[in-house]
Amino acid sequence: SVGDGSTPGIDIDVLSGEVEVSGVSVERAVHIGVLVNSGIVRLVDSSVEESSYVGIGAHRANIAAPTSLEVEGCVISGNTTAGIGADELGTEVSLRRTVVRDTQTDENGDYGYGIQITDRALVTIEACEVSRNTEVGIKAAGSGTEVTIEDTVVGDTQPGGSAG
């Protein structure tokens, strides 16, 4: 278990090689539960819950290394702003058999997205459940952003209200 409300969670930034995180629970992280800035990362059979900003963020921060994130068999729940956020050209995210639920708005009443994809990121969502998010289940925006969704349930979104 990682996090107690006073830690930033897990931050991964590798130029080469692969990182696998398995069977980990990240709870009440300050800001982002799991942040992937670069590298090839696999998050398996884990949970990311109640982060104060985004549950999982994938972002290509290093021009020398693309960001590839595979999330499988995970529960992403009760985070603020977005359960999962992916942005930037060179960022690829694959979600399989994962539940993204109960994402809340920020303190201004904005966002509350289950999954947010922007700025030319490439995301594949397969056999997932995206439910009970406050504003939008899956949001894709920006020129060049690509999203493929297969065998996935998106439901019980509560726009303008409280997810639950």
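Being a predicted model, the structure only gives us computed values, none of them experimental.

1. Regarding the overall build of the protein chain
Scanning the protein chain from N- to C-terminus turns up zero helices and 16 strands. Over its C-alpha atoms, taken along the principal directions, the protein chain stretches across nearly 45 × 35 × 30 Å. The buried share of the protein chain, reckoned over its 164 residues, is 44%. A separation threshold of at least 6 residues defines the contact pool for the protein chain, and within that pool the share at least 24 residues apart is 60%. When the accessible surface of the protein chain is split by element, carbon and sulfur atoms take 44% of a total near 7500 Å². Taken as two groups, the 9 positive and 26 negative side-chain charges of the protein chain have centres that lie 2 Å from each other.

2. Focus: the environment of R101
With respect to the secondary-structure elements, R101 resides in strand β10 (residues 99–101). Overall, R101 belongs to the partly exposed group, its relative accessible area being 25%. As a C-alpha pair, R101 and V147 span 46 residues in sequence and 19 Å in three-dimensional space. Those residues within four positions of R101 in sequence are excluded, and the remaining contacts are V75, I76, S77, G78, S131, R132 and N133.

3. A few points about the pattern of salt bridges
Applying the stated criterion across every chain yields a total of nine salt bridges. A salt bridge links E70 to R96; the nearest nitrogen and oxygen atoms lie 3.1 Å apart. Pair noted here: E70 is in strand β6 (residues 67–72) and R96 is in strand β9 (residues 91–96), with a separation of 26 residues, a long-range link. Since its relative accessible area comes to 27%, R96 is described here as partly exposed. Between R97 and E72 there is a salt bridge whose closest N-O contact spans 3.2 Å. With R97 in the loop between β9 and β10 and E72 in strand β6, the pair connects residues that are 25 residues apart, well separated along the chain.

4. Some thoughts on the sheet that holds strand β13 (residues 129–131)
Strand pairing within a sheet occurs via backbone hydrogen bonds; the two strands may be parallel or antiparallel. Strand order in the open sheet formed by six strands is β2-β4-β7-β10-β13-β16, with parallel pairing between adjacent strands. Each end of this open sheet is capped by a strand with a single partner; those strands are β2 (25–27) and β16 (153–155). Each strand axis lies, on average, 5 degrees off the axis of its neighbour in the sheet, ignoring direction.

5. Some thoughts on the nonpolar core
Ranked by internal contacts, the top residues of the largest apolar core, which has 28 residues, are I56, L69, L95 and I115. Counting only elements with at least two residues in this core, the list comes to β1 (10–22), β3 (32–44), β5 (54–59), β6, β8 (82–87), β9, β11 (113–118) and β12 (122–126). Of the residues forming this core, the biggest block, four residues, is contributed by β3. With near-sequence residues (within four places) excluded, I115 lies in contact with I84, L95, V100, I125, V130, G137, I138 and K139.

6. Some remarks on unusual backbone geometry
Positive phi is not limited to glycine here, since Y111 has a value of about 70 degrees. For Y111, a relative accessible area of 37% translates into the label partly exposed. Backbone geometry at R120 places phi at a positive 75 degrees, although glycine is not the residue there. Along the polypeptide, R120 turns up in the loop between β11 and β12.

7. Topic: the side chain of T145
Along the chain, the position of T145 falls in the loop between β14 (136–140) and β15 (146–150). Here the side chain of T145 touches A141 through a polar contact of 2.8 Å, landing on its backbone oxygen. In contact with T145, other than residues within four places in its own chain, are I117, T118, D119, R120, A121 and A140.

8. Things to note about the state of the cysteines
Applying the stated criterion across every chain, the model contains zero disulfides. Left without a disulfide partner, C128 is nearest to the cysteine sulfur of C74, which lies 9.7 Å away.

So, how was this worked out
Residues numbered from 1 in each chain as written. Predicted model: local features only at pLDDT ≥ 70, side-chain atom pairs only at ≥ 80, totals over all residues. Heavy atoms only, no water. Helix = DSSP H or I, 4+ residues; strand = E, 2+ residues; numbered from the N terminus. Buried < 20%, exposed > 50% of the residue type's maximum accessible area, 1.4 Å probe, protein only. Contact = heavy atoms within 4.5 Å. Areas by Shrake-Rupley, 256 points an atom, 1.4 Å probe, with all protein chains shown as cover. Lys, Arg positive; Asp, Glu negative; His and termini not counted. Charge placed at Lys NZ, Arg CZ, Asp CG, Glu CD. Salt bridge = Lys/Arg side-chain N within 4 Å of Asp/Glu carboxyl O. Pairing = 2+ DSSP bridges. Axes fitted to C-alpha atoms, helices over the stretch in contact; angles between N-to-C directions. Core = buried A, V, L, I, M, F, W, Y, C linked by side-chain atoms within 4.5 Å. Polar contact = N/O pair within 3.5 Å; in protein donor to acceptor, adjacent residues only side chain to side chain. Disulfide = S-S within 2.5 Å.

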